Amino acid sequence: MPVMTEPKLISGNANKTLAQAIARRMSMHRGMNVGLVDARVERFNDQEIFVEVFENVRGEDMFVIQPTSNPANDNLMELLIITDALKRSSAARITAVIPYFGYARQDRRAKARTPISAKLVANLLTTAGIDRVLTLDLHAAQIQGFFDIPVDNLYASPIFALDIEHHFAGRMDELMVVSPDVGGVARARELAKRINAPLAIVDKRREKAGEVAEMTVIGEVKDQICLIVDDMCDTAGTLCKAAELLIQHGAKEVHAYTSHGVLSGPAVERITKSVLKSLVITDSIEPTPAVRACANIRIVPTAPMFAQAILNTWNGTSVSSLFETDTLVPIYEGFYSKG
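Residues numbered from 1 in each chain as written. Predicted model: local features only at pLDDT ≥ 70, side-chain atom pairs only at ≥ 80, totals over all residues. Heavy atoms only, no water.

## Let's talk about empty space enclosed by the protein
Then, number 1: Counting across every chain of the model gives one cavity of 30 Å³ or more.
Then, number 2: Of the voids in this model, the largest cavity is the one considered here, and its volume is about 30 Å³.
Then, number 3: Residue lining of the largest cavity: Y100, F101, A104, L136, D137, L138, H139, M232 and H260, and that is the complete set.
Then, number 4: Along the lines of polarity and charge, the residues of the lining of the largest cavity split into six nonpolar, two polar and one charged. (1 Å grid on protein atoms, 1.4 Å probe; cavity = no way out; pocket = protein on both sides within 12 Å on 5 of 7 lines; lining within 4 Å. Points joined across faces, edges and corners; volume = space filled by probe spheres on them. Nonpolar A, V, L, I, M, F, W, Y, C, P; charged D, E, K, R; others polar.)

## Section: the pairing of strand β2 (residues 39-43)
Then, number 1: By the bridge criterion, five bridges tie β2 to strand β3 (residues 49-53) in an arrangement that is antiparallel. Pairing of R40 across the sheet is with E52, part of β3.
Then, number 2: Joining the antiparallel neighbours β2 and β3 is a turn of five residues, in which Q47 adopts a positive phi near 75°. (Pairing = 2+ DSSP bridges. Helix = DSSP H or I, 4+ residues; strand = E, 2+ residues; numbered from the N terminus.)

## Digging into helix α9 (residues 303-315)
Then, number 1: For α9, spanning 13 residues, the distance from its first C-alpha to its last is 18 Å, which sits close to the expected 18 Å at 1.5 Å a residue.
Then, number 2: In terms of burial, α9 is a largely internal element, twelve of the 13 residues being buried.
Then, number 3: Taken residue by residue, α9 has A303, P304, M305, F306, A307, Q308, A309, I310, L311, N312, T313 and W314 as its buried positions.
Then, number 4: Just downstream of α9, G316 is the residue with a positive phi angle, here 75°. (Expected span 1.5 Å × (residues − 1). Buried < 20%, exposed > 50% of the residue type's maximum accessible area, 1.4 Å probe, protein only.)

## Remarks on the side chain of H255
Then, number 1: Tracing the chain through its elements places H255 in strand β12 (residues 253-261).
Then, number 2: Within polar-contact distance, the side chain of H255 engages the side chain of E253 at 2.8 Å.
Then, number 3: Filtering out sequence-adjacent residues up to four positions away, H255 remains in contact with F168, I225, C226, L227, I228, L276, K277 and S278. (Polar contact = N/O pair within 3.5 Å; in protein donor to acceptor, adjacent residues only side chain to side chain. Contact = heavy atoms within 4.5 Å.)

## Re the sheet that holds strand β6 (residues 132-136)
Think of a sheet as strands paired side by side through backbone hydrogen bonds, with each pair either parallel or antiparallel.
Then, number 1: Strand order in this open sheet of five strands is β1-β4-β5-β6-β7, and the pairing throughout is parallel. Because the sheet does not close on itself, it has two edges, and the strands there are β1 (7-11) and β7 (151-154). Strand-to-strand twist of the sheet, defined as the mean angle between neighbouring strand axes without regard to direction, takes the value 20°.
Then, number 2: As paired elements, strand β5 (residues 93-98) and β6 share four bridges and run parallel to each other. Paired with A96 across the two strands is V133, which belongs to β6.
Then, number 3: Contacting β1, β4 (61-65), β5, β6 and β7, α9 runs over the sheet at an angle of about 160° to β6. (Axes fitted to C-alpha atoms, helices over the stretch in contact; angles between N-to-C directions.)

## Details of the packing of helix α1 (residues 16-30) against α9
Then, number 1: In contact at an axis separation of 8 Å, α1 and α9 are set at 60° when each is read in the N-to-C sense. The angle between α1 and α9 falls in the class oblique. In the packing of α1 onto α9, the handedness of the crossing is right-handed. Of α9, the residues touching α1 (which contributes L18, A21, I22, R25, M26, H29 and R30) are A303, P304, F306, A307, Q308, I310, L311 and W314.
Then, number 2: When its residues are assigned to classes, the contact of α1 with α9 shows eleven nonpolar, two polar and two charged. (Parallel < 35°, antiparallel > 145°, perpendicular 65-115°, else oblique. Left-handed = near helix turned anticlockwise from the far one by under 90°.)

## Considerations on the layout of surface pockets
Then, number 1: One number sums up the size of the second largest pocket: a volume of about 440 Å³.
Then, number 2: Forming the walls of the second largest pocket are 23 residues, and the residues nearest its centre are S69, N70, Y100, V262 and I285.
Then, number 3: Grouping the constituent residues of the lining of the second largest pocket by class yields ten nonpolar, ten polar and three charged.

## Structural notes on unusual backbone geometry
Then, number 1: Here N70 and P71 are connected by a cis peptide whose omega angle stands at 0°.
Then, number 2: Structurally, the position occupied by P71 is in the loop between β4 and α2 (72-88).
Then, number 3: With a phi angle near 45°, D137 is a residue other than glycine that sits in the positive phi range.
Then, number 4: By the element assignment, D137 lies in the loop between β6 and β7.
Then, number 5: Phi is positive for A236, close to 70°, though the residue is something other than glycine.

## Structural notes on the packing of helix α4 (residues 157-167) against helix α5 (residues 185-195)
Then, number 1: Axis separation between α4 and α5 bottoms out at 10 Å; the angle between their running directions is 45°. It follows from the interaxial angle that α4 and α5 lie oblique. Pair α4 / α5 crosses with right-handed handedness. Touching S157, P158, F160, A161, I164 and E165 of α4 are E190, L191, R194 and I195, all from α5.
Then, number 2: Taken together, the residues of the contact of α4 with α5 break down into six nonpolar, one polar and three charged.

## Quick notes on the nonpolar core
Then, number 1: Counting residues in hydrophobic clusters, the biggest one holds 48 residues, and the most contacted among them are L9, I22 and L154.
Then, number 2: Take this core: its biggest share by element is eight residues, from α9.
Then, number 3: Core analysis: the next-biggest nonpolar cluster, separate from the first, contains 35 residues, I49, A91, F101 and V121 among them. (Core = buried A, V, L, I, M, F, W, Y, C linked by side-chain atoms within 4.5 Å.)

Here you go:
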């Protein structure tokens, strides 16, 4: 029989904090020290990326933890080069753990003569030697079909459901889940079903990218605590306008839950000055000091879920079990108490 190896983790520079948190959680689960593989990911003076792995990885089950967030191109190249280093070092299997999948918004040709960059990235990852992908809340679920290798797409909604039950205990009957656009209805409906809340929609029309011309509310939000649900928050312009619109329609409070806190440009300033009581994001992208200092931005951890998903992938058990809130209750016991 083959010798059972332990899963080994390696990280680029995109989100070392999350990678170390995942290693700590896996150490708790395994009852033994699980650390990041000793390696250096550096740049030459011309910004060319160089990777050197200092430990033997021959025959090992490797997990590369690297979101392709800002700077997206640098972090993507780090992931590809780390993968190549592991492949040439005879790793048995390489799983890319990509908490935030960059280029996911370019999943189709919305206009003539434009690329489908998400498909290009999928091809790059596969050609580099990645055997499977573990990610969180892809912008579009069909991106899984761009790969010819297994893709496990985890969801933040079970974590958000635990967070909502914890922070809105005693007020659950006042909650209203709101989709910020028609395209996000399925995601919002899924969370609304988990917490047994009604659903409303903010319908928006864009004149051009990044600028919203008109917004209307579909549904009755008066005297409700509104929870706007989306997969990412970039410049926060649409989110803040949607929150203002909901308040104008009589909402008591407005909170937002977004899986990926991209928060570029004026986002933090906008959120600080907005009517939003809170914006809850995950740590899939390394939060900047400004994000951490913002009083109405709260960060929920994904390390417990990713650690369990990595262990399940390694030992061949179900990853889809992590789609259920009840499965995450014991995993997040130290963070939330259900009921």
